[in-house]
Structures are given as structure tokens and as C-alpha cells.
Amino acid sequence: VIKKEEKSESITSLNGDHFDTASFEFASYYERTPKDYEFFQPFSDGSLVMYTGHYNACPSNMECDEPIEFTFQGRTTDNIVILGKVNAAKSQWIDQTWRGTYVYFGKIIPLEKKYLTAIIDPAIPSWLKNKFHEVLPKIFDLYTKETGFPLTFKPFVFLSYTPKGLGSQRTGGTLPGLIQMSLSGKGWEKENKNAYVELARFFAHEGAHLWNGQLFHSSSGDMWMHEGGADAFAYFALYKLGLVDQQGFSDLQSGAYTNCVSKLKNRPLKEVLEDPEFRAHYSCGAMAALITHVAVKKKNKTQGLF
């Protein structure tokens, strides 16, 4: 039986007996997981990616620092792609980080580019595919130039798409060495400048984590630093790449300020507990990053956020 506890979940036997093996069987599902990695993401051709981190389990009262070994068994026609490497339908992988990764099962051949390797949904609208190829290299170029640090690894990107639903929905996240993004809704079918700017902002935020969460990271690991910092990176990226003008850049900043103040209600950020999406951490963290940027600029105009 699975028991939910205050900060974790435990697997125990009904009668309290000791055991060393547990077996589960369940169908893949595609519901959104708030502030966590989606367990599965479907592609239009029937292939999918699966997040391994939800399988991580540790015997109680033990420090589980040993790498986790996985064996993946796909369909006979599948390739299994793990961190950019194409493997056979049965493959093994060792998770040295305990962070998990996304594993792809299907037939799509990875696309090799200078800055990244990607698996792109074959049903994605052509204008979106073209914009994807255009904007990500520009963002990576900008961050490399502005920070002075090129990435020491070549990131892998999963981009899935489904026209189901209304509007232009998107979810995603970063893990060591990769970015996972999922787009859904009929709104993506027709080219739309506002939707593209929002997508670029999303790419810029997730791309920033390759620098502020993987190449470097804050010792505290506090969400307001890496998530708010990634938002601030994205604001500057949109402005410096000409996707928003000066007014648009100001609007992004004032929007973060307004959201931060309205969520805080004169409390410390750590006391904002009724915010399941942690939006206060994003907006207040962005404001802290932007205020720091201005303060640093006053002392040395050659320095700043990046």
C-alpha cells in the first residue's frame, strides 16, 4: 500500500512484513502535474517520453546515495533515447544524479544541430518548427556572450505537440542536460506574434536554467533565486533580441512587481503557502534579480544581471 505522509510517500506492506521487491503496473497518463515533472508526454505519432524521477524510491532510514539502475523495455520497433543517445528497444541506464531524466520511446530520429540535439513532434505546425530553429540558437548565443561562459555540454530538447484543446498551452522544464517542452491547443496552428513571443519567453526561461541551475547553481537552492532569476534572464533576452520593445520590457518588469506585491500581502516570501504554483517565487525572485542588476550597474556599468 502507498501511504501519503507529510513530505513524502511510503510503500509498506499491509501486514507490516519486510519485503525487498515491489511490483506495479499502470497505464501511461497525460494529466498535468502542478510544480512537478509530467510523468509522460505524448507525441502525435504514438511515441512518448517518460520521466524516471517518479520511480525513485529509497528504503526508510537509509541514506540513498548509490546510483539508481534502470532497465527500459520498449516495443520491438522503438528506439530508446536517453540523454541524446539512441539505444535499442531494451536499454540500461544509471542515474548518477538522483534527479531523473526524460526517456523517449518511439521512432522519431533525433535532429542534430550545432547548439542542441532535439526530438521534434512531426505534427508541429511548420511556422512553429521554423521559429524553434531560429530562436533557440539566438538565446544560447546571447547567454553565452552575456555571461561569458559557454555551456560545457550539448543540451537535448524534447518538443511534443498536440492540437487538442483550445488556446495555446505549454508546459515543460529542465533536467540535467535536457529541456522538455510540450505544446497543446488549436491556437498554435495559425502563426501569431503574441503566441510566438510567449513561446520565446518560455524557451528563454528554460534555457536560462542551463546556466543558473546546471553550469552554476545557488548554494541555497531556493526557488526564488533560480526561477526568478530565469524569468529575469528571459525578460532581458526578449528585449535584447528585439522581440519586445522598451515598453514591452517595462511591462514585463511591472507585471512581476505587481504580482509579487499582491501575492506577498506584506509577508515574507516563505510565508506565502496558499500559492500552489509558487508564482510568488517567480515574480518576487525576478524583482530581486532586476533590483540587483540596477544596483550593480550603478557601481560598475560593465556588470549586471548576467
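First things first, this report covers the structure right here in the doc. Computed from a predicted model, the values in this text were never measured in an experiment.

### Structural notes on the state of the cysteines
Cysteine pairs can be covalently joined through their sulfur atoms, and such a bond is termed a disulfide. If you walk through the whole model with that rule in mind, you get two disulfides. Between the sulfur atoms of Cys58 and its disulfide partner Cys64 the distance amounts to 1.8 Å. The disulfide joining Cys58 to Cys64 has a torsion of about 85 degrees about its S-S bond and is therefore right-handed. In this structure Cys58 comes out as partly exposed when scored by relative accessible area, which is 37%. If you count the bonded cysteines of the protein chain from the N-terminus, they pair up as 1-2, 3-4.

### Considerations on the packing of helix 1 (residues 126-147) against helix 2 (residues 193-215)
At a minimum axis distance of 10 Å, the contact between helix 1 and helix 2 shows a crossing angle of 40 degrees. By the angle between their axes, helix 1 is oblique relative to helix 2. The two elements helix 1 and helix 2 meet at a crossing, and its hand is right-handed. Side by side, helix 1 and helix 2 meet where Trp127, Leu128, Lys131, Phe132, Glu134, Val135, Leu136, Ile139, Phe140, Tyr143, Thr144 and Thr147 of the first sit next to Tyr196, Leu199, Ala200, Phe203, Ala204, Gly207, Ala208, Leu210 and Trp211 of the second. A class-by-class count of the residues in the contact of helix 1 with helix 2 yields 16 nonpolar, three polar and two charged.

### Brief notes about the sheet that holds strand 12 (residues 156-162)
Here five strands make up an open sheet; going across it, the order is 10-11-12-14-13 and the pairing mixed. In this open sheet, the two edge strands, each paired with only one partner strand, are strand 10 (111-112) and strand 13 (169-175). Pairing of strand 10 with strand 11 (residues 117-120), which is carried by two bridges, proceeds in the antiparallel orientation. For Leu111, the partnering residue across the bridge sits in strand 11 and is Ala118. Strand contacts of helix 2: strand 13 and strand 14 (178-184), with the helix running at about 10 degrees to strand 13, the strand carrying the most contacts.

### Concerning the pattern of salt bridges
Opposite charge on two side chains permits pairing when their charged atoms draw close. This structure, assessed with the given rule, holds eight salt bridges. Two residues, Lys138 and Glu134, come together in a salt bridge whose shortest N-O distance is 3.6 Å. Taken together, the residues Lys138 and Glu134, both in helix 1 and four residues apart, mark about one turn of the helix. Here Glu134 falls in the partly exposed class, since its relative accessible area comes to 34%. A network of salt bridges, in which partner residues are shared, links Arg170, Glu198 and Arg201.

### Comments concerning the nonpolar core
Phe132, Tyr143, Leu183, Trp188 and Phe203 are the most contacted members of the largest nonpolar core, which has 51 residues in total. Put simply, the parts of the chain that give this core at least two residues each are strand 11, helix 1, strand 12, strand 14, helix 2, helix 3 (223-240), helix 4 (246-264) and helix 5 (279-299). Ranked by residue count, the leading element in this core is helix 2, at 12 residues. Those residues in contact with Phe203 that sit more than four places away from it in its chain are Phe132, Val135, Leu136, Ile139 and Met181.

Criteria and cut-off values
Residues numbered from 1 in each chain as written. Predicted model: local features only at pLDDT ≥ 70, side-chain atom pairs only at ≥ 80, totals over all residues. Heavy atoms only, no water. Disulfide = S-S within 2.5 Å. Buried < 20%, exposed > 50% of the residue type's maximum accessible area, 1.4 Å probe, protein only. Axes fitted to C-alpha atoms, helices over the stretch in contact; angles between N-to-C directions. Helix = DSSP H or I, 4+ residues; strand = E, 2+ residues; numbered from the N terminus. Parallel < 35°, antiparallel > 145°, perpendicular 65-115°, else oblique. Left-handed = near helix turned anticlockwise from the far one by under 90°. Contact = heavy atoms within 4.5 Å. Nonpolar A, V, L, I, M, F, W, Y, C, P; charged D, E, K, R; others polar. Pairing = 2+ DSSP bridges. Salt bridge = Lys/Arg side-chain N within 4 Å of Asp/Glu carboxyl O. Core = buried A, V, L, I, M, F, W, Y, C linked by side-chain atoms within 4.5 Å.

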